[in-house]
Every structure is written in C-alpha cells, then in structure tokens.
Amino acid sequence: MTIRIIGRLDIKGDNLVKGIHLEGLRVLGKPESYADLYYSEGIDELICMDVVASLFGRNSLTDVVQRIANNVFVPLCVGGGLRTLEDIRVALRAGADKVAINTAAINRPEFVREAVEAFGSSAIVVAIEAIQQPDKRFTCFTDCGRQESGVEALAWAEQVSELGAGEILLTSVEREGTGGGLATEFCRQIADAVPIPVILHGGAGHVDHVVDAITEGHADAVCLASLLHYNAVRRLDIDVDELGDDGNFEFLLHYRDRGFSKVSDATVGSVKAALKAANLEVRL
Amino acid sequence: MNFVSEASGGYVAITDYRMGNLFSVYQAVVACGLDARITDDEQEILGAAAVILPGVGAFADAMRFLKASGLDRTLRTVAERGTPLIGICLGQQLLMSESNEMGHTEGLGIIEGNVERLPVTVNTNTGRKNKVPHVGWSRLTEPRPGAWRGTALREMENDDMVYFVHSYCSLPINSADVLAEVTYSGVTFAAAVQRENVLGFQFHPEQSGECGLAIYRALFKSILTRGSV
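Residues numbered from 1 in each chain as written. Chains lettered and ligands numbered in written order. Predicted model: local features only at pLDDT ≥ 70, side-chain atom pairs only at ≥ 80, totals over all residues. Heavy atoms only, no water.

**A closer look at the overall build of chain A**
Helices and strands together make up the secondary structure of chain A, namely 12 helices and 12 strands. For 284 residues, the compact-globule estimate of 2.2 N^0.38 gives 19 Å, and the C-alpha radius of gyration of chain A, at 17 Å, lies within 12% of that figure. Counting all 284 residues of chain A, 63% fall into the buried class. Long-range contacts, defined here as pairs at least 24 residues apart, represent 67% of the contacts in chain A between residues at least 6 apart. In chain A, 27 positive and 42 negative side-chain charges are present, and the distance between their average locations comes to 2 Å. (Helix = DSSP H or I, 4+ residues; strand = E, 2+ residues; numbered from the N terminus. Rg over C-alpha atoms; globule rule 2.2 N^0.38 Å. Buried < 20%, exposed > 50% of the residue type's maximum accessible area, 1.4 Å probe, protein only. Contact = heavy atoms within 4.5 Å. Lys, Arg positive; Asp, Glu negative; His and termini not counted. Charge placed at Lys NZ, Arg CZ, Asp CG, Glu CD.)

**Section: the interface of chain B and chain A**
Taken together, the contacts link 28 residues of chain B with 36 residues of chain A. Buried surface at the junction of chain B and chain A, both sides included, amounts to about 2,500 Å², of which 56% is carbon and sulfur. A per-residue breakdown of the area chain B buries against chain A is headed by Gln 27, Lys 131 and Trp 137 of chain B, which together make up 28% of the total. Linking chain B with chain A are two salt bridges. Notably, a salt bridge pairs Arg 139 of chain B with Glu 281 of chain A, separated by 3.1 Å at the nearest N-O pair. Remark: the boundary between chain B and chain A carries 15 residue pairs in polar contact (both at pLDDT 80 or more). Contributions of two or more residues to the side of chain B that touches chain A are made by helix H1 (22-31), strand S8 (134-139), strand S9 (161-166) and helix H6 (209-226) of chain B. (Buried area = accessible area lost by both parts, 1.4 Å probe. Salt bridge = Lys/Arg side-chain N within 4 Å of Asp/Glu carboxyl O. Polar contact = N/O pair within 3.5 Å; in protein donor to acceptor, adjacent residues only side chain to side chain.)

**Comments concerning helix H3 (residues 59-69) of chain B**
Residue and element names in this part refer to chain B. Listed as buried for H3 are Phe 59, Ala 62, Met 63 and Leu 66. End-on, the buried residues of H3 take up no more than an arc of 95°, which puts them together on one face. Residues of H3 that are exposed and angled more than 90 degrees away from the buried face: Arg 64 and Ala 68. Residues of H3 that are buried in the fold lie against helix H4 (71-81), helix H5 (90-94), strand S5 (96-99), strand S6 (105-106) and strand S7 (111-117). Looking one or two residues past H3, Gly 70 carries a phi angle of roughly 80°, positive in sign. (Arc of directions from axis to C-beta.)

**Observations regarding the sheet that holds S7 of chain B**
What the four strands build is an open sheet, ordered S6-S5-S7-S10 (chain B); its pairing is mixed. In this open sheet, the two edge strands, each paired with only one partner strand, are S6 and strand S10 (168-172) of chain B. (Pairing = 2+ DSSP bridges.)

**Quick notes on the packing of aromatic side chains**
Residues and elements named next belong to chain A. Counted according to the given criterion, the structure contains nine aromatic pairs over all chains. Aromatic pair Tyr 230 and Phe 260: ring centres 4.9 Å apart, planes at 40°, arrangement tilted. Of this pair, Tyr 230 sits in helix H10 (residues 226-235) while Phe 260 sits in the loop between helix H11 (250-255) and helix H12 (268-277), and the two are 30 residues apart along the sequence. Assessed through its relative accessible area of 4%, Tyr 230 is described here as buried. What links up through ring pairs into an aromatic cluster is the set Tyr 230, Phe 251 and Phe 260. (Phe/Tyr/Trp six-rings, centres within 6.5 Å; stacked < 30°, edge-to-face > 60°.)

**Re the environment of Arg 256 of chain A**
All names here are of chain A. With respect to the helices, strands and loops of the structure, Arg 256 is situated in the loop between H11 and H12. The spacing of Arg 256 and Leu 46 is 210 residues in sequence and 23 Å in space, taken between C-alpha atoms. Only 2.5 Å separates the side chain of Arg 256 from the backbone oxygen of Leu 236, close enough to count as a polar contact.

**Focus on the layout of surface pockets**
Considered as a void within the structure, the largest pocket measures approximately 820 Å³ in volume. As for the largest pocket, its lining consists of 34 residues, of which Met 1 of chain A together with Asn 123, Thr 126, Arg 128 and Lys 129 of chain B are closest to the centre. Taken together, the elements giving at least two residues each to the lining of the largest pocket come down to helix H8 (184-193) and helix H9 (207-215) of chain A. The biggest single contributor to the lining of the largest pocket is H8 of chain A, with three residues. Of the residues assigned to the lining of the largest pocket, the class counts are 16 nonpolar, 10 polar and eight charged. In terms of lining, the second largest pocket is formed by 33 residues, of which the most central are Ser 121 of chain A together with Glu 101, Met 102, Ser 167 and Tyr 168 of chain B. (1 Å grid on protein atoms, 1.4 Å probe; cavity = no way out; pocket = protein on both sides within 12 Å on 5 of 7 lines; lining within 4 Å. Points joined across faces, edges and corners; volume = space filled by probe spheres on them. Nonpolar A, V, L, I, M, F, W, Y, C, P; charged D, E, K, R; others polar.)

**Some thoughts on helix H4 (residues 85-93) of chain A**
Looking only at H4 of chain A, the buried set comprises Asp 87, Ile 88, Ala 91 and Leu 92 of chain A. Along the axis of H4 of chain A, the buried positions cluster into a sector of 135°, meaning they face one direction only. Those residues of H4 of chain A that are buried lie in contact with helix H3 (62-69), strand S5 (76-79), strand S6 (98-101), helix H6 (110-119) and strand S7 (124-132) of chain A together with H1 of chain B.

**Section: the pairing of strand S9 (residues 147-152) of chain A**
Residue and element names in this part refer to chain A. One ladder, built from three bridges, connects strand S8 (residues 138-142) with S9; its direction is antiparallel. Within the sheet, the bridge partner assigned to Thr 142 lies in S9 and is Gln 147. Two successive antiparallel strands, S8 and S9, enclose a turn made up of four residues, where Asp 143 displays a positive phi of approximately 50°.

**Concerning the side chain of Asn 231 of chain A**
Residues and elements named next belong to chain A. Tracing the sequence through the fold places Asn 231 in helix H10. Residue Asn 231 is classed as buried on the basis of its relative accessible area, which comes to 8%. Ignoring anything within four residues of it in the chain, the contact list for Asn 231 reads Asp 265, Ala 266 and Thr 267.

**Describing unusual backbone geometry**
Leaving glycine out, the prevailing phi sign among residues is negative, and the prevailing peptide bond configuration is trans. Looking along the chain, the bond that leaves Val 132 of chain B and enters Pro 133 of chain B is cis, with omega of 10°. Its place among the elements puts Pro 133 of chain B in the loop between S7 and S8. Backbone geometry places His 218 of chain A, a non-glycine residue, at a positive phi of 55°. Among the structural elements, His 218 of chain A can be located in the loop between H9 and strand S12 (221-224). Residue His 218 of chain A is classed as buried on the basis of its relative accessible area of 14%.

**Structural notes on the pattern of salt bridges**
Oppositely charged side chains can pair when the atoms bearing their charge come close. All names here are of chain A. Across all of its chains, the model carries 26 salt bridges over all chains by this definition. Residue Arg 8 pairs with Asp 10 through a salt bridge whose shortest N-O separation is 2.7 Å. Residue classification places Arg 8 among the buried residues on the basis of a relative accessible area of 1%. Residue Asp 10 is classed as buried on the basis of its relative accessible area of 3%. When salt bridges with common partners are traced through the structure, they connect Arg 4, Glu 45, Lys 98 and Glu 167 into a single cluster.

Read these as layout, nothing more, since geometry by itself doesn't imply function.
Structure representation (structure tokens):
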C-alpha cells in the first residue's frame, strides 16, 4: 500500500496558524499559498482545520476552502466546528472531498452514522484528539484539545469504525507542535484494532519520525504541519500586510528566517525520499 | 486551452443525484477549460456533449434516487445515443448490472457485471490485514497490451498514480470491458471500464493531481474533437 503524506493547514480566520498542543497560534501566512506549494511538490492530500471554530461555534472556513479547491486537485479534507449535516454539505459544496468531525461525534455518536448515510463513508473522517492519562489510558478531547470527554480512545476508534467512518485522523495532543516524534505505540494499538485506515498526526519533527509512524506505528498515512510549514515559511513570498488580523504575528515579523528549533528541515519531497529509502511505497 | 470553443454547445453535464463530490468534479472539469453544469434536468443532460455520473455513498440509495427521479432512463438514453457517459467511483459501479452492497440491488445495467465488496486479505510479510476502504494512491495497469491506445488513459506514464477511495469494486463479465486494472493487497480488480461511449473510473481523476487532470483533458479532447470517447 502506498503511504500518504498529508499536509495539515490549521486555519484561524483567513490565516494559516501553527500552535503547540493545539494552542498558542502563530500566524504563518495564507493557507492557499501553502496549499499551492505543497500541491506543486507532490503532497498526497490536504486537511484544512478551522482550529477555533469548535470553540466559538462558527464556520468561517468556506471561502478559504473554495480558494484552495480551485487550484488543488488532491483530496481535500475540511474540519473544525462541523456540527450538523448542513455544515458538512456546505464544506463539500465549497470543494472539500471529505470532512473531519470530532466534537459533534463525541457529543452524539449517532451523528457519525447519519453523516455516513448522507454522504458516504469515504467522505467522513473521525478526528480523535487524545491525551494520555496518568493511568496510561488515552482519552479523547474535544474543542481543540481543551475539553476532556472521558471517552477512551481505543474503544471510540472501534465504535466509529462500526458506525461507518471511512478513516480516523489520530492526534496526540501532547505531542502536537512539539517536533518530538509521533505517538507510534498509541497509533499501533488503534491501527491494528480497526479495519479502516488511520492517519497519524502530531509531533513529527524529523523525516525519521514519519518513517517510524509507518513501520512502528502501523499508520496508513501521516499528517504533517510544523515539519513542512517551517521550511515553507522561509521559501514563500509572504506579505504580512495582506494577512488577516487573527493570531500572533511575532514569529512572522521577527523570527521567520530562523525557523523553529524543534523541527528539522524537511519538504514533501524529502519526507517521501526518506520513506522510499526505508522501502516504503510512496507516490513520487 | 479551451476545448469548448471547438465544439458546438459543448458543455459537460455533471449529474446531480444528491450523492457525492459534485463540486470537486466540477472544479476539475472547469480547470480543464470546459463548461460544466451540475444538473438533474433531463433536457440539459440529454443536450450535453458528455455526461458525468459522479458519486460517493451507498449503491442502493443512489439507485433509489435515480429511479424515483427518472434519471435512470435518462442515463440509459445517453448511453444508447452514443453520447459519452462517464461514471466515477460509485458512478462507475452504478453502470453495472447489479451490486451486492448491503443486500442485492439492480444497477443501470449498461455494462454486464457485479459489484462486490473488496476482500480482506492477510499480508504474508507483516501478518496484518489490509484496510477496507482502500484509500490511497495506486498505479494502473493495462489489462491487455495496447488497451489504452486512443483512450482517455493514452497519456499515462509508468509511475503515474491515481487516487482511490472505495470499499466495493466492479467485476465486469466481459474482460474486453476492462480498460485498466489495479492491485490492492494482492487482489487485482477493474480500475476503469469502457464499452464504446460508456466509461467508468473506480478512482477519482478530480483528486488525482496533474495525472488526473491529464486524464480528463485527454478524455474531453477526444469527445469534443471526434465526438466519441
């Protein structure tokens, strides 16, 4: 099976942002600039996440999604604050191929089944954002990693696959944005237990981490943000004056050329080259 | 390049039957320089230079809607008149005679064959089962030497991959109807089917990057310059 490398674009307002543990959002530029760059460099899929939508109960992603979908012809998944079938319909109408749901699914699991019946399994990705508890169990969080649901991640993964979800997007919240490596053991438990593909996200800081996610974590796909963004931010032509006001501009104004110390230099191409060198199949 | 100007009234009708990724297909067709219309109107479908039947979702729901709306007859007429009819993903499966997805449902019956669930196999190297749905990028293969000559796949290169997402696959009875094959977890099945003016892709050209757009361009170029697929 060909391993998919998925670029994740966290969006606040009109801006691409990047946080740590899904918090502290640095503005990195326009999401469509990153989408176009990654598409031209062979990204296999993109996920656009409205990272604050769930907190404020709004959906502001439509315009951004439409701008991306006009130029990008790989699967585009959209998530963040989708609570109703109508919200999903709007996302698909903007040009998304799939949607990711988390909070609304945890609040009412039947929503997964209803969404699958309305739009098909292949359009419904369940996002699981988990944190390991002192007793070693992983539990699911909602609302961008802020609200503990008490739902155990493995049981929830099995339940959503029975409800018909097409894929699982698995995020380890405590690793997210740290560059310290992906949650391979956690992923393996889930990926080996469910019959549907698992996308692992959160913590990749080096191309070797991506290889580990596949070989050790048994992930079917890996979702990357920092690892790609902090290289792209130095190559893209970014005009700060053209960006929206949302988020923290400190990084872009003063530290852009330095990158981010926790993350090594990587591109879509170098990630895929590392996978290929490890005898994993990728699309080049 | 704009192919529309070369054709008379040349728009592509994207059949709206409330299932699937109509907008993603629309954007790709427009990116190829064509006029695309999302429609459920019989006359607009019958007047199109080519008709796309997209779709993700359940086979039985799709057939129920097509029958209730009369679009099943419209699509058969499209096929009989020789107008290019292109099924994508579930749209390809709907072209077949019948499906065993959740019970037994009759399809449009334009290409003889069944639709069956992808088998779960165990990888002998890893001991792990393959995932269903099959989600991801795969290489297409020619079922017979020269099978792609003059078809929408004529410009495919060896390393080109296309994007699949499906749990069921079509099994045409006549091997001549298989235009391309794909192998997933050791099982080989039809990735594209074609009989004369009727064409089906199990993969999603509109999500398959520049390779997918090249397939659409090759397809529409033949349609709009020669009037056939």
